[in-house]
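The primary structure of each chain is shown beneath.
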Amino acid sequence: MLLQIVQYGDKTLHQIGEPVTEFDGKLKKLFDDMVETMFKAEGIGLAAQQVGLAMQFCVVDLTGIDPDFEYRLDGAAPPLEFFMPMGICNPKLEYLGAEKEEAEEGCLSFPDVRGDVERPEWIRCEYQDIQGNPHVIECNGLLGRCIQHEVDHLNGVLFTDRMRKRTLKRIQMQINQLKAKTLQRTKR
Ligand code: NI
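Predicted model only: the values in this text are computed from it and were never measured.

Procedures and definitions
- Each residue is numbered by its place in its chain's sequence as written, counting from 1.
- The model is predicted, so local features are restricted to residues of pLDDT at least 70 and side-chain atom pairs to those at 80 or more, both for listing and for counting; the totals for chains, interfaces and linings are taken over all residues.
- Each side-chain value is derived from all of the structure's non-hydrogen atoms; neither hydrogens nor water enter the calculation.
- Working definition of a nonpolar core: buried Ala, Val, Leu, Ile, Met, Phe, Trp, Tyr and Cys residues. They are joined through side-chain atoms within 4.5 Å.
- A simple rule labels every residue: compare its accessible area, found with a 1.4 Å probe on the protein chains alone, to the largest value its type can have, and call it buried under 20%, exposed over 50%, or partly exposed in between.
- To qualify as a helix, a DSSP run of H or I must reach at least 4 residues; to qualify as a strand, a run of E must reach at least 2; elements of each kind are numbered from the N terminus.
- Note: metal donors comprise N, O and S atoms at 2.8 Å or less from the metal (3.2 Å for Na, K and Ca); water molecules are not included, so apparent gaps in a site are possible.

Trainee: Could you clarify how one ought to interpret the nonpolar core in this entry?
Mentor: Soluble globular proteins tend to pack their nonpolar side chains together in the buried interior. Judged by nonpolar contacts, the single largest core of 22 residues is most densely connected at F83, M86, I137, L143 and I147. Elements represented by at least two residues in this core include exactly β2 (57–60), β3 (71–73), α2 (80–83), β4 (86–105), β5 (115–128), β6 (134–139) and α3 (141–154). When residues of this core are assigned to their parent elements, the largest contribution, five residues, is made by α3. Core analysis: the second largest hydrophobic core is formed by 16 residues, L30, F31, M34 and F57 among them.

Trainee: Explanation requested: unusual backbone geometry in the structure shown.
Mentor: If a residue is not glycine, its phi is most likely negative; likewise, a peptide bond is most likely trans. The step from M84 to P85 runs through a cis peptide bond, and the omega angle for that step is -5°. For P85, the position within the fold is in the loop between α2 and β4. Even without a glycine there, the phi angle at D74 is positive, about 50°. Mapped onto the fold, D74 is located in the loop between β3 and α2.

Trainee: So what exactly am I meant to see when it comes to the coordination of the nickel ion here?
Mentor: Under perfect tetrahedral coordination by four donors, a metal shows angles of 109.5 degrees; under perfect octahedral coordination by six donors, it shows angles of 90 or 180 degrees. Looking at the nickel ion, the protein donor atoms are C107 (SG), H149 (NE2) and H153 (NE2), and they sit 2.1 to 2.2 Å from it. Look at where the donors of the nickel ion fall in the sequence and you get C-x41-H-x3-H. Of this pair, C107 sits in the loop between β4 and β5 while H153 is found in helix α3, placing the two residues 46 residues apart along the sequence. In terms of burial, C107 and H153 fall into one category: buried.

Okay, here's the thing in structure tokens:
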């Protein structure tokens, strides 16, 4: 079932997610619905906050994308198709090393808004899958960036919060208008 993606201005986007404690059929249904919604919107990640739920849960899929990144999942390197789309519950993020990289990002809650964000290059993320099994992924590049962007959502942090002032200045008007539109819509 397609879910509605909330846009900037919606208060859920600023809420810290509650931990996932029930790894049941309801979570599997939410996973399926969020994956369907992400694919339809042509995104590579979607957080629960973006469908109006403040939870420590997001989905990520980078299959079919030129894999210009490295990863180790539980110490191995299975093909992406073996573990994606990923359902990531209760992630704990660590940065590996001091290297940072700036790249352009978008967000499904900010239609047509893009801007550069600087982030650590290598991460280590402990999480549980939708059955509750623990995993560790270490990665860089687009996968590392995507996971960082989604985990930020789960903590109420948006990519605009991490932009440099001059980047933000360039898109400020666009996001102000988006916020005003969202507020107007949710008032009705
Ligand atoms: Ni986003």
